[in-house]
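Letter by letter, the chains look like this.
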Amino acid sequence: MSSDNRIDIENIRSQFPILQRKVKGKTLVYFDNAATSQKPQSVIDAINNYYTTYNANIHRGLHTLADEATAAFEATRAAVKEFIGAKESEEIIYTKGTTESINLVASSWGRTFLNAGDEIIISTLEHHANIVPWQMIAEEKGAKLRVIPINNDGIIDMDAFKSMLNEKTAFVSIVHASNALGVINPVEEIIQLAHDFGALVLVDGAQSAVHLDIDVQRLDCDFFAFSTHKTYGPTGIGILYGKRALLESMPPYQGGGEMIKEVSFEKTTYNELPFKFEAGTPNIADAIALKSALDFIHQYGKSTIRHHEEMLLRYATSQLKQIEGLKIIGDVENKVSVVSFVIDGVHPQDLAILLDNQGIAVRTGHHCAQPLMSRLGIVGTTRVSFAIYNTIEEIDILIIALKKAITMLK
Amino acid sequence: MSSAKSIQEIEASLVDDFSLFETWEEKYEYLIDLGKKLQPLEEQYKTEQFKIKGCQSSVWIHSFHQDGKIFYKGDSDAVIVKGLVSLMITVLSGQASQVIVDAPLDFINEIGLSSHLAQTRSNGLRAMIRQMKLDAVTLQGIGSRE
Ligand SMILES: Cc1ncc(COP(=O)(O)O)c(C=O)c1O
């Protein structure tokens, strides 16, 4: 493959030790990147190095190790701020993932500002993590959850969205790129339209953060949530970005250490941002290692990564389409590097088992988006998703393995 | 169905059957074939009531009681899973309730199907076995799960 944004794929692959692993006697082909990406050696080393040389609790200790750990922990926060184009580091809250980020907003903002009769808008494409927290708070507050419809390709119906907006719309929580189909939503337009009605917008960036250039100030979203285990970083760390004024106005989500200024049995005053939302000892090691993941992405640049992934996406799409009875769900122009498909007369679970036996990791099932699957009238799909270390050769292996599986099943 | 054979004998002969195959392809092709040949389950039993929760695919088991023995019929929308249903039916159908309840069913781990699904510790298979055993207990007193 020739291109201007050519990357040294062998060099990249050599940085991911897990790619050397054999599965069922074959070299692993890892195509489940939308679930979680693999980690480069630098991220693994950063975790190891932290525990080996400067493990300490942060923000409180007056000793060298605590200083070093605190500095590294806060250096990551500053890097995340740059990564998503936030104005200030105080707007970056560490959570344990997208799920917790959304729950934090639904719970803290929702409990304080939602009124009975208010409306919350989500879309048919949402992951359960962006459905259930809103159902819970809507029920608690007597608010109403409304759902933007999609067409058969998974494209959101913007006319329907416009007609749903009204003075009762309090909040719009929308996925940036669908984990099940890869389809990218026009979040910029959604945010503008919602703001015209005074509604706030949270963008679920779990699938977009690693692929798309994120500039929360330009987007003008009120909140942005993502999980760093999908961005070559560790599990157990996620980010909630919120505009400072909003975060200031919201009460703490959990109580405990770190989040307080002063505690007495009569009254507790809360710490400033971002610590107000970070009760207890945080996930220090993984937060520190996250910086190495972001450095890894910067080293190549998102546009180069995207270029490579788009090449893989186009190649895979065209090869898959040649398989008889195979139908791509969400076969649209504007998507992240995810291909979801169904095959006539073949159950996705059967396919996953036969692919696993050939050393290929894909995802099958409803992808935590059951309402989307029922809207599309399917039990689930087989999903193939790419990262920077995947290759054309791996797609060829997949296609051969797929054909073999189909022959065995039919 | 030769109900004269004990569960242990049937299990041993299944392990034997599978040991004839050298490659994973042959093993799975055999399992898929068993799935395809499974005696069909009447449509009336393919409902929520007979569905087993805990699998990516749908599994339906209909259990009934006859001449002091427990019998099973089943189906799945995934053919490999249907093969597993077939294996469980081959082993358990036509046995006495207590024998079914006590069966360790280790053969599943011994026939060399490598996928997680074909391990008794997998959710789907465990749920299937649990339901079949539960039905055996219930049916002993009543007659059929309706
Ligand atoms: C679109 C989307 N939202 C939310 C989540 C939840 O992320 P996590 O499980 O890391 O909290 C995911 C993860 O699969 C996702 O893809």
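All values derive from a computational prediction rather than experimental measurement.

Topic: the overall build of chain A
Piece 1. The number of helices and strands found in chain A is 14 helices and 17 strands.
Piece 2. When the backbone C-alpha atoms are referred to their principal axes, chain A occupies close to 70 × 55 × 35 Å.
Piece 3. Taking all 410 residues of chain A together, 59% fall into the buried category.
Piece 4. Excluding contacts between residues fewer than 6 apart, the proportion of contacts in chain A whose partners are at least 24 apart in sequence is 71%.
Piece 5. Just so you have it, chain A exposes about 16500 Å², and 50% of that area is on carbon and sulfur atoms.

With respect to the packing of aromatic side chains
Residue and element names in this part refer to chain A.
Piece 1. Under the defined criterion, the tally for this structure stands at 22 aromatic pairs over all chains.
Piece 2. When the ring of Phe171 is compared with that of Phe223, the centres are 6.1 Å apart and the planes differ by 25 degrees; the resulting orientation is stacked. With Phe171 in strand 7 (residues 169–175) and Phe223 in strand 9 (residues 223–227), this pair connects stretches of sequence that are 52 residues apart.
Piece 3. According to the relative accessible area criterion, Phe223 is buried, its value standing at 0%.
Piece 4. Linked through ring pairs, Phe16, Tyr232, Phe296, Tyr300 and Tyr389 together constitute an aromatic cluster.

Some details on the site of the ligand
Residue and element names in this part refer to chain A.
Piece 1. Inspection of the region around the ligand gives 13 residues, with Thr99, Asp204, Ser227, His229 and Lys230 positioned closest.
Piece 2. The side chain of Asp204 places a nitrogen or oxygen atom 2.6 Å from a nitrogen atom of the ligand.
Piece 3. For the ligand, an oxygen atom lies 2.8 Å from a polar atom in the side chain of His229.
Piece 4. Summarising the interface, the protein chains cover 84% of the accessible area of the ligand, which totals 400 Å² for the free molecule.
Piece 5. Judged by its atoms lying within 2 Å of the grid points, the ligand is housed in the largest pocket.
Piece 6. Residues belonging to the shell around the ligand are distributed by class as follows: three nonpolar, eight polar and two charged.

Observations regarding the sheet that holds strand 13 (residues 326–329) of chain A
All names here are of chain A.
Piece 1. Read across the open sheet, the four strands follow the order 13-14-17-16; overall the sheet is antiparallel. Looking along the sheet, the strands with just one partner apiece sit at the ends: strand 13 and strand 16 (363–365). Each strand axis lies, on average, 30 degrees off the axis of its neighbour in the sheet, ignoring direction.
Piece 2. Across three bridges, strand 16 lies against strand 17 (residues 381–385) in antiparallel orientation. Bridge pairing in strand 17 links Gly365 to Thr381.
Piece 3. This element, helix 11 (residues 302–321), spans strand 13 and strand 14 (338–343) of the sheet and lies at about 10 degrees to strand 14.

Points about the interface of chain B and chain A
Piece 1. Chain B puts 16 residues into the contact, and the matching count from chain A is 15 residues.
Piece 2. Of the roughly 1500 Å² buried where chain B meets chain A, counting both sides, 57% is carbon and sulfur surface.
Piece 3. Considering only the surface of chain B that becomes buried against chain A, Trp24, Gln56 and Ile80 of chain B emerge as the three largest contributors, covering 39% of it.
Piece 4. Connecting chain B to chain A are one salt bridge.
Piece 5. Residue Glu25 of chain B pairs with Lys404 of chain A through a salt bridge whose shortest N-O separation is 2.4 Å.
Piece 6. Our count for the chain B to chain A interface comes out at seven residue pairs in polar contact (both at pLDDT 80 or more).
Piece 7. Going through the elements one at a time, helix 2 (24–37) and helix 3 (79–92) of chain B are the ones with two or more residues in the side of chain B that touches chain A.
Piece 8. The element that contributes the greatest number of residues to the side of chain B that touches chain A is helix 2 of chain B, accounting for six residues.

Section: the sheet that holds strand 9 of chain A
Residues and elements named next belong to chain A.
Piece 1. Taking strand neighbours across the sheet as the criterion, the seven strands line up as 4-10-9-8-7-5-6 in an open arrangement whose pairing is mixed. Edge strands, defined here as strands with exactly one partner in the open sheet, are strand 4 (92–95) and strand 6 (144–148). This sheet shows a mean twist of 20 degrees between the axes of neighbouring strands, independent of strand direction.
Piece 2. With five bridges connecting them, strand 5 (residues 119–123) and strand 6 associate as parallel partners. Within strand 6, the position partnered with Ile120 by the bridge is Leu145.

Topic: the pattern of salt bridges
Residues and elements named next belong to chain A.
Piece 1. The tally for this structure, following the rule as stated, stands at 29 salt bridges over all chains.
Piece 2. Asp356 is the partner of Lys24 in a salt bridge, and the nearest nitrogen-oxygen pair spans 2.6 Å. A residue pair is termed long-range when its members are at least 10 positions apart, and Lys24 in the loop between strand 1 (22–23) and strand 2 (26–27) and Asp356 in helix 12 (residues 348–356) qualify at 332 residues.
Piece 3. Judged by its relative accessible area of 26%, Asp356 falls in the partly exposed class.

Some thoughts on the layout of surface pockets
Piece 1. There is about 770 Å³ of room inside the largest pocket.
Piece 2. In this structure, the largest pocket is lined by 40 residues; those nearest its centre are Gly365, His366, His367, Cys368 and Gln370 of chain A.
Piece 3. Going through the elements one at a time, helix 4 (98–113), strand 16 and helix 13 (370–376) of chain A together with strand 1 (51–52) of chain B are the ones with two or more residues in the lining of the largest pocket.
Piece 4. When its residues are assigned to classes, the lining of the largest pocket shows 13 nonpolar, 20 polar and seven charged.
Piece 5. No fewer than three residues from each of domain 1 (9–39 + 302–409) and domain 2 (45–298) of chain A sit in the lining of the largest pocket.
Piece 6. Taken as a whole, the second largest pocket holds about 480 Å³ of empty space.

Structural notes on the domain arrangement of chain A
Residues and elements named next belong to chain A.
Piece 1. Partitioning chain A into structural domains gives domain 1 (9–39 + 302–409) and domain 2 (45–298).
Piece 2. A separation of 28 Å is found between the C-alpha centroids of domain 1 and domain 2.
Piece 3. Facing the 37 residues of domain 1 at the interface are 34 residues of domain 2.
Piece 4. Summed over both sides, the interface between domain 1 and domain 2 buries roughly 3000 Å², with carbon and sulfur atoms accounting for 56% of that surface.
Piece 5. Across the domain 1-domain 2 interface, the total number found is one salt bridge.
Piece 6. For the salt bridge of Arg306 with Asp213, the shortest nitrogen-to-oxygen distance reads 3.1 Å.
Piece 7. There are 24 residue pairs in polar contact (both at pLDDT 80 or more) connecting domain 1 and domain 2.
Piece 8. Of all the secondary-structure elements, those providing two or more residues to the side of domain 1 that touches domain 2 are helix 11, strand 14 and helix 13.
Piece 9. Residue contributions to the side of domain 1 that touches domain 2 peak at six residues, all from helix 13.
Piece 10. A class-by-class count of the residues in the side of domain 1 that touches domain 2 yields 19 nonpolar, 11 polar and seven charged.

Re empty space enclosed by the protein
Residues and elements named next belong to chain A.
Piece 1. Tallying each qualifying case throughout the model produces one cavity of 30 Å³ or more.
Piece 2. Roughly 90 Å³ of internal volume is contained in the largest cavity.
Piece 3. Forming the boundary of the largest cavity are 15 residues, of which Asn33, Val210, His211, Lys230 and Phe386 lie nearest the centre.
Piece 4. Residues that form the lining of the largest cavity fall into these classes: seven nonpolar, six polar and two charged.

Cut-offs used in this document
- Each chain carries its own residue numbering, running from 1 in the direction its sequence is written.
- Here chains are named by letter from A upward and ligands by number from 1 upward, in the order in which they appear as written.
- In keeping with the predicted nature of the model, local features appear solely for residues at pLDDT of at least 70, side-chain atom pairs appear and are counted solely at 80 or more, and the whole-chain, interface and lining totals rest on all residues.
- The side-chain quantities take in all heavy atoms of the structure and omit both hydrogens and water.
- Helix and strand definitions follow DSSP, with helices as H or I runs of at least four residues and strands as E runs of at least two, each counted in order from the N terminus.
- Exposure categories follow from relative accessible area, calculated using a 1.4 Å probe and restricted to protein chains: below 20% of the type maximum is buried, above 50% is exposed, and the middle band is partly exposed.
- Whether two residues touch is decided by their heavy atoms; if any such pair falls within 4.5 Å, the residues are in contact.
- Shrake-Rupley sampling with a 1.4 Å probe provides the accessible areas, and residues are treated as covered by the protein chains on show and by no other component.
- Any pair of Phe, Tyr and Trp rings, taking the six-membered ring for Trp, is counted once the centres come within 6.5 Å. Such a pair is stacked with planes under 30 degrees apart, edge-to-face with planes over 60 apart, and tilted for the rest.
- For this purpose, a residue is taken to be near a molecule or strand whenever a single non-hydrogen atom of the residue falls within 4 Å of it.
- Throughout this description, a polar contact denotes any pair of N or O atoms lying within 3.5 Å of each other; where both atoms belong to protein, one of them has to be capable of donating a hydrogen while the other can accept it, and for residues adjacent in sequence the pair is counted only when both atoms sit in side chains.
- Each cavity reported here is a set of points on a 1 Å grid over the protein atoms alone in which a 1.4 Å probe fits but cannot get out, each pocket an open set with protein on both sides within 12 Å along at least five of seven lines, and each lining residue one with an atom within 4 Å of a point.
- In this description, a molecule resides in a pocket or cavity if more than half of its atoms sit within 2 Å of the grid points defining it.
- Under the grouping applied here, Gly and all other residues not named as nonpolar or charged are polar, the nonpolar ones being Ala, Val, Leu, Ile, Met, Phe, Trp, Tyr, Cys and Pro and the charged ones Asp, Glu, Lys and Arg.
- Pairing between strands is defined by DSSP: at least two bridges between them are needed.
- To get an axis, fit a line to the C-alpha atoms, keeping to the stretch in contact for a helix; angles then go from 0 to 180 degrees between the N-to-C directions.
- Computed with a 1.4 Å rolling probe, the buried area is the accessible surface lost when two parts are put together, summed over both parts.
- A pairing counts as a salt bridge when a side-chain nitrogen of Lys or Arg comes within 4 Å of a carboxyl oxygen of Asp or Glu.
- Grid points are joined across faces, edges and corners, and a volume is the space filled by probe spheres set on the points.
- Domain boundaries shown here were taken from an automatic or database domain assignment.

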